Amino acid sequence: MKTLIALLLFSGLQLGAQDMQSCPMHKEHLKAASQHQADVEKHGDEAMGFPHDKTTHHFRLYSDGGAIEVTVNDSKDSQNMQAIRSHLAHIATMFSNGEFSIPMFVHDQIPPGVPVMKEKHVDISYAFEELPAGGRVRIKTMNPDALKAVHEFLRFQIEDHHTGDTTEIGTM
């Protein structure tokens, strides 16, 4: 009896894998995901003023907020390094004022956390900091609702930009 159940389960798993590969909707989902990623990259390049393929993004979660970090891949790339610093300084000012139009443009949606971050913008600080190869926007808050929203926003960025960063809260 156990052998029969195991055989049926194994056959079902095999069939499920075959169905997924032959399912026309699976191909459409993959195509849509690929198009979304291309759109995020294109919109990001337009909005940020530097190419995604010559830079590296990281999104960090901390117990008091988090950080958005961007660096050049080539330390001699002073043009893109300056563009990164200019963009991140601008982002810090915009976010401080509750203005999140750039991430909404880049991702073609309102990222999770943004409505609360807008509402609680006076409870959140955004500070631009230079890094040797780029810059960082350090985000801090003591408001529990704002902190939850910041973490939702950063986790979404990690996922949508495919950075591979941890979604766990770390230390600075």
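All of the points below concern the structure found in this document. (Residues numbered from 1 in each chain as written. Predicted model: local features only at pLDDT ≥ 70, side-chain atom pairs only at ≥ 80, totals over all residues. Heavy atoms only, no water.)

1. Digging into the sheet that holds strand β3 (residues 124-131)
Quick note on the threshold: A pair of strands is considered paired only if DSSP assigns at least 2 bridges between the two. The way it works is that DSSP assigns letters per residue, a run of H or I at least four long becomes a helix, a run of E at least two long becomes a strand, and they are numbered from the N terminus. Fitted lines through C-alpha atoms give the axes, limited to the stretch in contact for helices. The angle between two N-to-C directions lies from 0 to 180 degrees. The criterion used for residue contact is that any of the two residues' heavy atoms lie within 4.5 Å.
On the basis of which strands lie adjacent, the open sheet formed by 4 strands has the order β1-β2-β4-β3 and antiparallel pairing. With partners counted over all chains shown, the strands left at the sheet margins are β1 (55-62) and β3, one partner each. Between one strand axis and the next, the sheet turns by 15 degrees as a mean value, whatever way the strands run. As paired elements, strand β2 (residues 65-72) and strand β4 (residues 134-141) share 7 bridges and run antiparallel to each other. Each bridged residue has a counterpart across the sheet, and for threonine 71 the counterpart in β4 is glycine 134. Sheet contacts for helix α3 (residues 78-96): β1, β2, β3 and β4; angle to β3, the most-contacted strand, approximately 170 degrees.

2. Here we look at the packing of aromatic side chains
Convention followed: Any two of the Phe, Tyr and Trp rings considered here, Trp counted by its six-membered ring, make a pair once their centres fall within 6.5 Å; the pair's planes then place it as stacked at under 30 degrees, edge-to-face at over 60, or tilted in between. Three exposure classes are used, based on accessible area relative to the maximum for each residue type with a 1.4 Å probe and protein chains only: buried under 20%, partly exposed in between, and exposed over 50%.
Under the criterion given, the structure shown has 4 aromatic pairs. Measuring from ring centre to ring centre gives 5.5 Å for phenylalanine 95 and tyrosine 126, while their planes differ by 80 degrees; the resulting arrangement is edge-to-face. With phenylalanine 95 in helix α3 and tyrosine 126 in strand β3, the pair connects residues that are 31 residues apart, well separated along the chain. Of the two residues, phenylalanine 95 and tyrosine 126, both sit in the buried class. Pairwise contacts between aromatic rings join Phe95, Phe100, Tyr126 and Phe153 into one cluster.

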